[in-house]
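Here is how the chains run, residue by residue.
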Amino acid sequence: MLNMQGIGFSYGGDTGVIQDLNLNVQQGELVAIVGPSGCGKSTILRLVAGLLKPTSGEVFWDQSGGPQIGFVFQDAALMPWKTVLENVALPVKLSRQRPDMCHLMAYLEQVGLGGFEARYPGTLSGGQKMRVSIARALSANPNFLLLDEPFGALDEILRFKLNDLLLDLKTSQGWSGLFVTHSLYEAAYMADRVLVLQNGTVVGMVIPELNRSLRPSEQRTSKEFLAAVAQIGALLEEGESHDA
Ligand code: ADP
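Here the structure is a predicted model, which means the values were calculated and not measured.

A. Structural view of the sheet that holds strand E9 (residues 201-206). Judged by pairing direction, the sheet is mixed, and its six strands sit side by side in the order E5-E6-E7-E3-E8-E9 without closing on themselves. Of all the strands in the sheet, just strand E5 (69-73) and E9 have a single pairing partner and so form its edges. Strand-to-strand twist of the sheet, defined as the mean angle between neighbouring strand axes without regard to direction, takes the value 20 degrees. In this sheet, strand E8 (residues 193-198) lies alongside strand E3 (residues 30-34) in parallel orientation, the contact comprising four bridges. Looking at E8, one finds that Ala 32 is bridged to Val 194. With respect to the sheet, helix H4 (residues 126-138) is in contact with E5 and strand E6 (144-148), its orientation differing from that of E5 by roughly 170 degrees.

Listed below in structure tokens is the structure:
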């Protein structure tokens with residue numbers, strides 16, 4: 001669905017932030033990017049979104065006319081003067097379509113916020129705000145999601161719940177996506193493939209072969225999950241020793 005070939009990018013300094021990056025995402029696949037702070041994860045998402053232009057290489061999309069992209073950031077970034085429903089309707093309005101209120105209410109229902117449509121963001125908990133942010137990202141029916149540390153500010157119990165919510169939504173809606181996280185555990189649990197990034201380039205890939213028919217708690221303690229975490233950790237450690 002997405003194919004990035006030989007991508008280089010620099011913000012203007014001598015050394016490139018992204019160097020010879022090759023990355024692809026297949027239809028229905030969720031790919032995680034893990035790496036230390038400053039290695040270029042958010043820059044990759046901006047390149048994918050078309051907010052930045054690569055200085056070399058190309059970003060290809062399968063779809064003619066390009067993808068329909070939805071965004072979820074760590075900061076839910078809701079408009080405090082608008083109700084939950086109005087916030088969720090925003091991408092639909094920005095794409096100049098008429099919001100179908102029944103459809104939007106169904107999204108709120110799916111993220112566990114049925115009955116919250118008239119509330120204002122200031123009256124919601126951190127987890128509820130993030131649920132609104134997910135419903136907003138999905139409201140214009142995207143086929144590709146960009147997720148930049150979406151749950152980084154939440155406690156672990158909430159994080160687990162929202163991880164499972166997102167996986168359920170992916171299964172039922174079939175979108176693909178790129179997911180940036182600092183957490184090896186979250187990457188191993190969420191992703192079909194995990195790319196380990198160091199200094200703007202992919203240094204390794206891990207495929208966590210979790211048995212998705214098991215309960216979440218069983219998946220999170222399975223030997224496949226622990227093996228994936230260990231492999232991601234080893235690739236990160238290897239990169240650190242090269243840096244030193
Ligand atoms: P990550 O998401 O992995 O933490 P970023 O993609 O945000 O990394 O940043 C990669 C590098 O690019 C860092 O060295 C950062 O300081 C630099 N950088 C990020 N945004 C800008 C910008 N707008 N202008 C100049 N340098 C930037």
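Once the structure has been displayed, the description carries forward.
B. Molecular detail of the sheet that holds strand E4 (residues 56-61). A sheet is described by the order of its strands in space; here three strands give the open sequence E2-E1-E4, paired in antiparallel fashion. Across the chains shown, the open sheet's two edge strands, defined by having one partner strand only, are strand E2 (18-25) and E4. On average, each strand axis in the sheet is tilted by 15 degrees relative to the strand beside it, whichever way the strands run. Note: strand E1 (residues 2-9) against E2, five bridges, orientation antiparallel. Paired with Asn 3 across the bridge in E2 is Asn 24. Those strands touched by helix H1 (residues 41-49) are E1, E2 and E4, and its axis lies near 120 degrees from that of E1.

Conventions we followed
- Residues numbered from 1 in each chain as written.
- Predicted model: local features only at pLDDT ≥ 70, side-chain atom pairs only at ≥ 80, totals over all residues.
- Heavy atoms only, no water.
- Pairing = 2+ DSSP bridges.
- Helix = DSSP H or I, 4+ residues; strand = E, 2+ residues; numbered from the N terminus.
- Axes fitted to C-alpha atoms, helices over the stretch in contact; angles between N-to-C directions.
- Contact = heavy atoms within 4.5 Å.

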